[in-house]
Amino acid sequence: MANPESEWLDLAISGNDDAFTRLVETYQSPVYNLCYRMLGNTGDAEDAAQESFWRAWQYIKRYDRQRSFVTWLLSISAHYCIDQLRKRRLELVPLDVLPEEDAPDPGLSPEAASKLREEKQQMRKLLNRLGPQDRAAIVMRYWYDFSEVEIATSLSLTVSAVKSRLHRARRELALAYDECYETTALAERRRYESPAF
Amino acid sequence: MSHQPFEMWLLSGATLDKNQNHQLQEHLKTCKPCSKLTCNLTRVEYQLNIAPLVKPRAGFAQRFQASLPARQAARQRRQVWSIIISGLSIGAAIYIYHILPDLASLSIGAILSSLVNNSLSLVAALLRIGQISGYVLMGIPPAIPLAVWISLTTVFCILSLIWVLALGRILAPKGEKA
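Residues numbered from 1 in each chain as written. Chains lettered and ligands numbered in written order. Predicted model: local features only at pLDDT ≥ 70, side-chain atom pairs only at ≥ 80, totals over all residues.

## Focus: the overall build of chain B
Filter applied, for reference: The secondary structure listing takes helices from DSSP runs of H or I that are at least 4 residues long and strands from runs of E that are at least 2 residues long, numbered from the N terminus. Here the globule rule reads 2.2 Å times residues to the power 0.38, and the radius of gyration is calculated from C-alpha atoms. Burial is judged by counting the other C-beta atoms within 10 Å of a residue's own C-beta: 20 or more makes it buried, 12 or fewer makes it exposed, and any count in between marks it as partly exposed, with every C-beta position built from the backbone.
Across its full length, chain B carries six helices and zero strands. Scanning chain B from its N terminus toward the C terminus, one meets helices and strands in the order α-α-α-α-α-α. The C-alpha radius of gyration computed for chain B amounts to 37 Å, which surpasses the reference 16 Å derived for 178 residues by more than 25%, pointing to a less compact arrangement than a globule. In terms of its C-alpha atoms, chain B occupies a principal-axis envelope of roughly 105 × 60 × 35 Å. Of all 178 residues assigned to chain B, the portion counted as buried reaches 5%.

Here you go:
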């Protein structure tokens, strides 16, 4: 029996919207996560993920079945997010003024919610240090376990360019780690401090 | 103190052989910056590896599906506009090419006047073609046998039907196809 995902893909390529929606349901998390890690806030991530799927819908007839579908989707998302980050730079929007996180899961204890928020802020600050393509390379490497060849294919770069970008990005992240961690931890402690102190 | 090739080894993410690893460990014992870099890199990579996959709000796929008709309509509008703009651009390019030899000697008024004249000539030519076609269609029918007329009409109907079906297939929302 054929893989249902492969059947949905065949149907989606032949123009069935319901089959494509099934693919959206299957791949929404990886695509959204990439957009979130690239853009740093939930509103832009939602828009970018929706736009990525719309672009995939438009060009699905050009999709090469030899290639992994998720890799193809993430490649579309990464290119879109890189363009958005470049536009943001042109518009001179400081990354710090972007909307903050959504409210944490109400099921979490205050300590766990605080820890989660702190980790998210720290990660966001770290990733914001990187240029668009370096950030995309890091996200693909660490969240999706992409090889350097896969990253190169997805970002339309050479393998040596990817190696160079990963090298530079790791250095930048390691150098920024202390600063981001300390400032985030300090800010988080201040949220719960009594005004008397 | 030189940090190379140790810094490169640390940041490349590649697996080191036994000898390289030994050299790196010896260097890290004496080099504070490289030691700090290693420590921070390990912590960063740990954070990256444990960071969860962030999920969208519930109903993401439904929101996408609901947005499809509006996106498709916007795309069709864009396509129609691009065809119109392309047509006008091609017309303008042909016209400019046509007046190019005289462009240097013509004033703006003369160019505008020439544009109006040429546009009127084009409309007149189209009307004349329509008139000639009308005379031909009025003159030819008595000379053609009835059987040929029936055959021609049948072929015309079949071609029209194919055209309407093809148009319907192109313009119908994608979900209705399957």
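This is not the end of the story, as more comes after the structure.
## Focus on the overall build of chain A
Note the cut-off: What counts as a contact here is a pair of residues whose C-beta atoms, placed from the backbone, lie within 7 Å.
When you go through chain A residue by residue, the secondary structure sums to eight helices and zero strands. When its helices and strands are written in sequence order, chain A yields α-α-α-α-α-α-α-α. Within chain A, the fraction of its 197 residues that count as buried is 35%. The long-range fraction of contacts in chain A, counting pairs at least 24 apart against all pairs at least 6 apart in sequence, stands at 65%.

## Some thoughts on the confidence of the model for chain B
All names here are of chain B. Put simply, the rule is: Across the chain, each position has a pLDDT score giving the predictor's confidence in that residue, from 0 to 100.
When pLDDT is averaged along chain B, the result is 84, and 95% of the positions lie at 70 or above. The secondary structure element of chain B with the lowest average pLDDT is helix 1 (residues 6–12), at 80, and the one with the highest is helix 4 (residues 60–99), at 89. ipTM for the predicted complex: 0.78, alongside a pTM of 0.70.

## A few points about unusual backbone geometry
Phi is mostly negative for residues that are not glycine, and the peptide bonds are mostly trans. Unlike most non-glycine residues, A:D145 shows phi in positive territory, near 55°. One can find A:D145 in the loop between helix 6 (132–143) and helix 7 (148–155).

## A few points about the domain arrangement of chain A
All names here are of chain A. Stated formally: Where each domain begins and ends is defined by an automated method or by a domain database. Residues are grouped as follows: Ala, Val, Leu, Ile, Met, Phe, Trp, Tyr, Cys and Pro are nonpolar; Asp, Glu, Lys and Arg are charged; every other residue, Gly included, is polar.
According to the domain assignment, chain A consists of domain 1 (1–99) and domain 2 (105–197). Counting residues at the interface gives 15 residues for domain 1 and 14 residues for domain 2. Broken down by secondary-structure element, the contributors of at least two residues to the side of domain 1 that touches domain 2 are helix 2 (17–39) and helix 4 (69–90). When residues of the side of domain 1 that touches domain 2 are assigned to their parent elements, the largest contribution, eight residues, is made by helix 4. For the side of domain 1 that touches domain 2, the residue count by class is nine nonpolar, four polar and two charged.

## Thoughts on the packing of helix 4 of chain A against helix 7 of chain A
Residue and element names in this part refer to chain A. Selection criterion: Simply put, an axis is a line fit to the C-alpha atoms, just over the touching stretch for a helix, and the angle between two N-to-C directions goes from 0 to 180 degrees. Reported orientations rely on four angle classes, namely roughly parallel under 35 degrees, roughly antiparallel over 145, roughly perpendicular from 65 to 115, and oblique for the rest. Note on convention: the crossing is left-handed when the near helix lies turned anticlockwise from the far helix by less than a right angle, right-handed when the turn is clockwise.
Between helix 4 and helix 7, the shortest axis-to-axis distance is 8 Å and the interhelical angle comes to 55°. The angle between the axes of helix 4 and helix 7 places the two elements in the oblique class. Where helix 4 crosses over helix 7, the two elements pack in a sense that is right-handed. Between helix 4 and helix 7, the residues in contact are T71, L74, S75 and A78 and E150, S154 and L155, respectively. Looking at the contact of helix 4 with helix 7 residue by residue, the classes come out as three nonpolar, three polar and one charged.

## With respect to the nonpolar core
Residues and elements named next belong to chain A. Counted only if it meets this: Residues enter a nonpolar core if they are buried, belong to Ala, Val, Leu, Ile, Met, Phe, Trp, Tyr or Cys, and are joined to the set through C-beta atoms within 7 Å.
Counting residues in hydrophobic clusters, the biggest one holds 52 residues, and the most contacted among them are V31, C35, M38, C81, A136 and A137. No other element matches helix 2, which puts twelve residues into this core. Beyond its immediate sequence surroundings of up to four residues, C35 is in contact with A45, A48, A49, S52, S77 and C81.

## Quick word on the interface of chain A and chain B
Counting from both sides, the interface comprises 32 residues of chain A and, opposite them, 28 residues of chain B. Of all elements in the fold, only helix 2, helix 3 (42–59), helix 5 (110–128), helix 6 and helix 8 (159–191) of chain A reach the threshold of two or more residues within the side of chain A that touches chain B. Counting residues per element, the side of chain A that touches chain B draws most heavily on helix 2 of chain A, at eleven residues. Per-class residue counts for the side of chain A that touches chain B are 16 nonpolar, nine polar and seven charged.

## Examining the environment of A:I82
All names here are of chain A. Along the chain, I82 falls in helix 4. With 17 C-beta atoms packed within 10 Å, I82 lands in the partly exposed category. Sequence-wise, I82 and T71 are eleven residues apart; in three dimensions their C-alpha atoms are separated by 16 Å. Among residues more than four places away in sequence, those in contact with I82 are P132, Q133 and A136.

## Considerations on helix 5 (residues 108–139) of chain B
Using the following cut-off: Multiplying 1.5 Å by the helix residue count minus one yields the expected span of that helix.
Taking 1.5 Å as the rise per residue, helix 5 of chain B with 32 residues should run 46 Å; its terminal C-alpha atoms sit 46 Å apart, in good agreement. Among the 32 residues in helix 5 of chain B, zero count as buried, and that is only a small part of the element.

## Concerning helix 2 (residues 18–30) of chain B
Taking 1.5 Å of rise per residue, the 13 residues of helix 2 of chain B would be expected to cover 18 Å, and the 19 Å separating its terminal C-alpha atoms lies within 8% of that figure. Sparse coverage of helix 2 of chain B is indicated by the burial of one of its 13 residues.

## Side note on the packing of helix 1 (residues 4–13) of chain A against helix 2 of chain A
Each pair of packed helices gets described by two things: the angle between the helix axes and the distance between those axes. Residue and element names in this part refer to chain A. Relative to each other, helix 1 and helix 2 sit at 135°, their axes nearing to 8 Å. Our classification of the angle between helix 1 and helix 2 gives oblique. As helix 1 packs across helix 2, the resulting crossing turns out to be left-handed. Facing helix 1, whose interface residues are E5, W8, L9, L11 and A12, helix 2 presents A19, F20, R22, L23 and T26. Counted by class, the contact of helix 1 with helix 2 contains seven nonpolar, one polar and two charged residues.

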